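Per-entry structural report
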Amino acid sequence: ELKVEQNPLFLSMQEGKNYTIYCNYSTTSDRLYWYRQDPGKSLESLFVLLSNGAVKQEGRLMASLDTKARLSTLHITAAVHDLSATYFCAVLYSGTYKYIFGTGTRLKVLA
Amino acid sequence: DVKVTQSSRYLVKRTGEKVFLECVQDMDHENMFWYRQDPGLGLRLIYFSYDVKMKEKGDIPEGYSVSREKKERFSLILESASTNQTSMYLCASRLVGLAGTDTQYFGPGTRLTVL
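Report on the accompanying structure. Quick caveat, the model's predicted, so the values are computed rather than measured. Numbering of residues begins from 1 in every chain and follows the order in which that chain's sequence is written. Lettering of chains starts at A and numbering of ligands starts at 1, both following the order in which they are written. At least 70 in pLDDT is required for a residue's local features to be given in this predicted model, at least 80 for side-chain atom pairs to be given and counted, and no such filter applies to totals for whole chains, interfaces and linings, which use all residues. To get the side-chain values, all heavy atoms of the structure are used, and hydrogens and water are removed first.

1. Observations regarding the packing of aromatic side chains
Centres within 6.5 Å are what make two rings of Phe, Tyr or Trp a pair, Trp counting through its six-membered ring; a difference in plane orientation under 30 degrees is then read as stacked, over 60 as edge-to-face, and the rest as tilted. Following the criterion strictly, the structure yields 12 aromatic pairs over all chains and no others. Summarising the aromatic geometry, the rings of A:Y97 and B:F48 are spaced 5.7 Å apart at their centres and angled 50 degrees between planes, so their arrangement reads as tilted. You can see A:Y97 sitting in the loop between β9 (85-93) and β10 (99-101) and its partner B:F48 sitting in strand β5 (residues 42-51), one on each of two chains. Of the residues examined, A:Y97 reaches a relative accessible area of 31% and is grouped as partly exposed. Judged by its relative accessible area of 2%, B:F48 is buried. Judged by centre distance (6.1 Å) and plane angle (20 degrees), the rings of B:F33 and B:Y35 are stacked. The helix and strand labels rest on DSSP assignments: H or I over at least four residues marks a helix, E over at least two residues marks a strand, and numbering proceeds from the N terminus. Accessibility here uses a 1.4 Å probe with only protein chains present; expressed as a share of the type maximum, an area under 20% marks a residue as buried, one over 50% as exposed, and anything in between as partly exposed.

Written out as structure tokens, the structure reads:
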């Protein structure tokens, strides 16, 4: 059974600081996704990572994938309040249409 | 822009009622999904449909059924609602792009309360 674990579950950080969210998954997968969810709103796609060593960046967020370690990271650089949200990673179960989501990391950036 | 809409943002039903949640997408996507989101559990897949009239069970299909008679519409049915089905329900449709990339587009969600 494919499991996806995120840590930390909660993260409170000061503006201007850097931090990393980790996403581990338990079996081989074709691809990994990161989403953002603002309170009371739906999920918005951030990144799709397709191969080992893939790195994508958008503004202060950078995502990377290590398929050998079955690990993806979402790095936040110089956090700002607008990044406060819940971040989910998800993995596509190989050969299926099934996406397995992590439990989410709730990020709060303090001014 | 892709748009995924859901029939209700908030719904309150009584135990034993039959409940219909509807989802419509406007981009001709073949794949559509129903998830439920609960605190501390992330999103869990209930059912997905890879084409009209085609469906497959996800991880938690018990107590639910689905219908996809038209490509743009995917309905989730709670045959006899129970209090443990109180949750946020999210619909998504999937675009398969160039070079094998794919993206799920989510609707705004329906917060269902079963009393």
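Don't stop here, the text continues.
2. Description of the state of the cysteines
By definition, disulfides here are pairs of cysteine sulfur atoms that lie within 2.5 Å. Under the definition given, this model contains 2 disulfides over all chains. Disulfide partner of A:C23: A:C89, at an S-S distance of 2.0 Å. Taking the torsion about the sulfur-sulfur bond, which here is approximately 80 degrees, the covalent link between A:C23 and A:C89 counts as right-handed. Of the two residues, A:C23 sits in strand β3 (residues 19-25) while A:C89 sits in strand β9, which places them 66 residues apart along the sequence. The pair formed by A:C23 and A:C89 is uniform in burial state, with each residue classed as buried. Between the sulfur atoms of B:C23 and its disulfide partner B:C91 the distance amounts to 1.8 Å.

3. Focus on the pairing of strand β4 (residues 31-38) of chain B
Residues and elements named next belong to chain B. Within β4, 8 of the 8 residues are buried, which leaves the element mostly enclosed by the surrounding structure. Residue alternation in β4 divides its side chains into two sets, N31, F33, Y35 and Q37 and M32, W34, R36 and D38, and both sets are buried. Strands pair, by our definition, only if DSSP identifies at least two bridges between them. Where β4 and strand β9 (residues 87-96) come together, 7 bridges link them in antiparallel fashion. Within the sheet, the bridge partner assigned to Q37 lies in β9 and is M88. Direction of pairing for β4 relative to β5: antiparallel, over a ladder of 7 bridges. Directly across from R36, in β5, lies its bridge partner R44. Where β4 folds back on β5, the antiparallel hairpin that results is connected by 3 residues, among which G40 adopts a positive phi of roughly 80 degrees.

4. Brief notes about the interface of chain B and chain A
Contacts were defined at the residue level, with two residues in contact if any of their heavy atoms lie within 4.5 Å. Counting from both sides, the interface comprises 25 residues of chain B and, opposite them, 19 residues of chain A. Two parts lose some accessible area (1.4 Å probe) when they are put together, and adding that loss for both gives the buried area. Of the roughly 1,800 Å² buried between chain B and chain A, counting both surfaces, carbon and sulfur atoms make up 54%. What counts as a salt bridge is simple: a side-chain nitrogen of Lys or Arg found within 4 Å of a carboxyl oxygen of Asp or Glu. Counting across the interface, chain B meets chain A through 2 salt bridges. Among the ionic pairs, A:R31 bridges to B:D102, the shortest N-O distance being 2.8 Å. Polar contacts here mean pairs of N or O atoms no more than 3.5 Å apart (in protein, one a potential hydrogen donor and the other a potential acceptor; neighbouring residues in sequence count only if both atoms are side-chain atoms). Linking chain B with chain A are 8 residue pairs in polar contact (both at pLDDT 80 or more), by the criterion used here. At the level of secondary structure, the elements contributing two or more residues to the side of chain B that touches chain A comprise β4, β5, β9 and β10 (102-106) of chain B. When residues of the side of chain B that touches chain A are assigned to their parent elements, the largest contribution, 5 residues, is made by β5(B).

5. Some points on the sheet that holds β3(A)
Residue and element names in this part refer to chain A. Across the sheet, 5 strands lie side by side as β1-β3-β8-β7-β6; this open sheet has antiparallel pairing. Edge strands, defined here as strands with exactly one partner in the open sheet, are β1 (4-7) and β6 (55-58). Neighbour-to-neighbour, the strand axes of the sheet open up by a mean angle of 15 degrees, direction not taken into account. For every element, the axis is a line fit to its C-alpha atoms; helices are fit only across the contacting stretch, and the angle between N-to-C directions ranges from 0 to 180 degrees.

6. Structural notes on the pattern of salt bridges
A full pass over the atoms with the stated rule returns 10 salt bridges over all chains. For B:R73, the salt bridge identified is with B:E22, shortest N-O distance 2.9 Å. In this pair, B:R73 is assigned in strand β8 (residues 73-78) and B:E22 in strand β3 (residues 19-25), connecting sequence segments 51 residues apart. On the accessibility criterion, B:R73 (33% relative accessible area) is partly exposed. One salt bridge connects B:K71 with B:D28, and the closest N-O pair in it is separated by 3.4 Å. Separated by 43 residues along the polypeptide, B:K71 in the loop between β7 (64-70) and β8 and B:D28 in the loop between β3 and β4 bring together distant segments of the chain. B:D28 gets classed as exposed once you look at its relative accessible area, which sits at 54%. Salt bridges here are not isolated pairs; linked through shared partners, they connect A:R31, B:R94 and B:D102.

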